[in-house]
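Reading the structure
Chain by chain, the residues:
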Amino acid sequence: MASQPGQLVIVSGPSGAGKTTLLHRVFEQCRLPLAKSISATTRSRRPGERDGKDYHFLSREEFDRRRQRGEFLEACEVFGQGDWYGTLASEVTPSLEAGKWVVLEIDVQGTMEVLRHYPQALTIFVEPGSLAELERRLRDRGTEDPQALERRLAVARREFASADRYRHRVINDEVARAAGEICDILTGASSRHTGEHSE
Ligand code: 5GP
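One structure accompanies this document, and this report is about it. This is a predicted model, so every value here is computed, not measured.

Cut-offs applied
- Residues numbered from 1 in each chain as written.
- Predicted model: local features only at pLDDT ≥ 70, side-chain atom pairs only at ≥ 80, totals over all residues.
- Heavy atoms only, no water.
- Axes fitted to C-alpha atoms, helices over the stretch in contact; angles between N-to-C directions.
- Helix = DSSP H or I, 4+ residues; strand = E, 2+ residues; numbered from the N terminus.
- Parallel < 35°, antiparallel > 145°, perpendicular 65-115°, else oblique.
- Left-handed = near helix turned anticlockwise from the far one by under 90°.
- Contact = heavy atoms within 4.5 Å.
- Nonpolar A, V, L, I, M, F, W, Y, C, P; charged D, E, K, R; others polar.
- Buried < 20%, exposed > 50% of the residue type's maximum accessible area, 1.4 Å probe, protein only.
- Core = buried A, V, L, I, M, F, W, Y, C linked by side-chain atoms within 4.5 Å.
- Pairing = 2+ DSSP bridges.

1. Thoughts on the packing of helix α5 (residues 131–141) against helix α6 (residues 146–160)
How two helices pack is summed up by the angle between their axes together with the distance between the axes. Running from N to C, α5 and α6 point in directions that differ by 150°, and their axes come no closer than 11 Å. Classed by the angle they form, the pair α5 and α6 counts as roughly antiparallel. Seen from above, α5 lies across α6 with right-handed handedness. Along its contact with α5, which presents L131, L134, E135, L138, R139 and R141, the element α6 presents L149, E150, R152, L153, A156, R157 and F160. When grouped by side-chain class, the residues that make up the contact of α5 with α6 number seven nonpolar, no polar and six charged.

2. Here's the deal with the environment of P5
When you line up the elements, P5 lands in the segment before β1 (7–12). Judged by its relative accessible area of 43%, P5 falls in the partly exposed class. Separated by 60 residues in the primary sequence, P5 and R65 have C-alpha atoms spaced 30 Å apart.

3. Brief notes about the environment of E28
Position of E28 among the secondary structure elements: in helix α1 (residues 19–29). Accessibility expressed as a relative area gives 66% for E28, which makes it exposed. Linking E28 and E105, residues 77 residues apart in sequence, is a C-alpha distance of 16 Å.

4. Notes on the nonpolar core
With 27 residues, the main nonpolar core has V9, L34, W101, I124, I182 and L186 as its most contacted residues. Elements that contribute at least two residues to this core include exactly β1, α1, β7 (101–105), β8 (122–127), α5, α6 and α7 (175–198). No other element matches the seven residues that α7 contributes to this core.

5. Observations concerning the pairing of β7
A large share of β7 lies buried, amounting to five of its five residues. Residues of β7 alternate between two faces, with W101, V103 and E105 on one and V102 and L104 on the opposite face, all of them buried. Two strands pair when backbone bridges link them, and β1 and β7 are joined in this way by five bridges, in the parallel orientation. Bridge pairing in β7 places I10 opposite L104. Two elements, strand β2 (residues 34–36) and β7, share three bridges in a ladder whose sense is parallel. Across the sheet, residue L34 finds its bridge partner in β7, namely W101.

This is the structure we're talking about:
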C-alpha cells in the first residue's frame with residue numbers, strides 16, 4: 001500500500017462537451033499518477049470502441065447481477081432510455097489504495113452518489129463554449145439517431161443547470177488550453193494533498 005492514499009477526481013459535463021478527448025490530453029501531459037476508472041455500460045459498442053478499454057460492455061443481465069452483488073459505487077440510467085452506466089468499486093478502491101489519482105468520467109447524478117461515499121472528491125465540470133456548439137459537436141459526431149440526439153441535448157440542458165455543484169468549471173473551448181487548466185487544478189490540489197498528509 002502507498003504511504004498516502006490517492007485522490008478521487010470526478011469529471012462531468014454534457015455528452016458532446018469533448019470530455020474524452022480532453023481527458024486523453026490531460027493523461028498525456030499531467031505529471032501525476034492518474035488512473036482512469038473504466039465504467040461499465042449496457043449501451044451498445046460504437047465502432048472503434050474496445051471492451052475493457054473504453055467501457056466494460058455488459059449485458060443488462062450481467063449489469064443487474066453485479067449491481068445486486070453490490071459491486072457498483074454508483075449506477076444509473078443516464079439518458080432514461082434503458083442504457084445503464086456505472087462505476088465499479090473494483091476500478092476505484094485498489095487504485096486509491098495504491099496512491100493513484102483515480103479519474104471518473106460520469107454524469108451529474110452519479111457524481112452526487114459518489115460524493116456521498118467520498119465527500120472529499122475533487123469535482124470538475126467541463127462545458128462546451130455554448131449549447132449551440134454542443135449541438136454541432138454531437139451532430140458532427142454522428143453516433144446518435146435524431147431521437148437519441150434530442151435526448152442527449154435535453155439531458156445536457158439539465159446538466160448545465162447543475163454545473164455550480166462542482167468545485168471547478170472548465171470551458172473546453174480549445175483542447176490544449178483546457179487540458180492545461182485541468183492539469184493546473186490537479187497539480188494545485190496535489191500540493192495541498194501532500195501538505196495535508198505530511199503534517
Ligand atoms: P457515452 O454513451 O457518450 O459514452 O456516455 C454518455 C454519458 O454517460 C457521459 O457523458 C458520461 O457522463 C456518462 N457516464 C459514463 N460512464 C458513467 C458511469 O459509470 N456512471 C455514470 N453515472 N455516468 C456515466
